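Residue-level structure breakdown
Listed here are the chains, written in short residue letters.
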Amino acid sequence: MKFRVLVNMVLVAGLALPFAGQAWAGKDDKKADQKAAKEAVDPVCGMTVDPATAEKATFKGKTYYFCSLDEKKEFEKTPEKFVGTDKDKKKK
Ligand SMILES: [Zn+2]
C-alpha cells in the first residue's frame, strides 16, 4: 500500500514539474511537425522560429516569420532577396 502512495506522489510530481511538461511537449512537437507546420523558418537567417511568438511579415500573400524585429525590417526592405524564385526550390 505504501508503494502505491509513492507511485501516486511521483505521478503528481511528474505532472507538476515544468520540465516534465516540456519533455512531453517536445515529443508532441516532433509528431505535430509532420502534420501541421508548428515551426517556421526565418528566411533571413534560416533559423527555425515559433510562429506563435515570432515577428511576422506578409509578402505576396504568404506570411513569413522572423527571429527578431531587425530581421523582419530587413526582410520588408527587400523581400525578394530572401524569398526569390530560386529559393522556392526546396534545397537545404
Ligand atoms: Zn533570424
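Structure: above.
Here's what I pulled together on the structure shown here. Remember, it's a predicted structure, so these values are computed and weren't measured experimentally. (Residues numbered from 1 in each chain as written. Predicted model: local features only at pLDDT ≥ 70, side-chain atom pairs only at ≥ 80, totals over all residues. Heavy atoms only, no water.)

Scanning all chains against the criterion turns up four aromatic pairs. With 5.2 Å between their ring centres and 45° between their planes, Tyr 64 and Phe 75 make a pair best called tilted. Taken together, the residues span a long stretch of sequence, with Tyr 64 in strand S4 (residues 62-66) and Phe 75 in helix H3 (residues 69-77) at a distance of eleven residues. One exposure class covers both Tyr 64 and Phe 75, and it is buried. Relative to Phe 75, the ring of Phe 66 has its centre 4.9 Å away and its plane inclined at 45°; by these criteria the two rings are tilted. Exposure class is identical for Phe 66 and Phe 75. Each is buried. Aromatic ring contacts, followed pair by pair, group Phe 59, Tyr 64, Phe 66, Phe 75 and Phe 82 into a single cluster. (Phe/Tyr/Trp six-rings, centres within 6.5 Å; stacked < 30°, edge-to-face > 60°. Helix = DSSP H or I, 4+ residues; strand = E, 2+ residues; numbered from the N terminus. Buried < 20%, exposed > 50% of the residue type's maximum accessible area, 1.4 Å probe, protein only.)

So, on to the coordination of the zinc ion. Every protein donor of the zinc ion is accounted for by Asp 42 (OD), Cys 45 (SG), Cys 67 (SG) and Glu 71 (OE), and the metal-donor separations fall at 1.7 to 2.2 Å. Expressed as a motif, the donor residue spacing for the zinc ion is D-x2-C-x21-C-x3-E. Cys 67 sits in the partly exposed class, given a relative accessible area of 35%. (Donors = N, O, S within 2.8 Å, 3.2 Å for Na, K, Ca; no water.)

Bringing the side chain of Asp 42 into the picture now. Mapped onto the secondary structure, Asp 42 falls in the loop between strand S1 (40-41) and strand S2 (48-49). Within the structure, Asp 42 has its side chain in polar contact with the backbone nitrogen of Val 44 (distance 2.8 Å). Not counting residues within four places of it along the chain, the set of residues in contact with Asp 42 comprises Met 47, Val 49, Tyr 65, Phe 66, Cys 67 and Glu 71. (Polar contact = N/O pair within 3.5 Å; in protein donor to acceptor, adjacent residues only side chain to side chain. Contact = heavy atoms within 4.5 Å.)

Core analysis: the biggest nonpolar cluster contains seven residues, these being Ala 57, Phe 59, Tyr 64, Phe 66, Phe 75, Phe 82 and Val 83. When contributions to this core are tallied by element, the ones reaching two or more residues are strand S3 (55-59) and S4. (Core = buried A, V, L, I, M, F, W, Y, C linked by side-chain atoms within 4.5 Å.)

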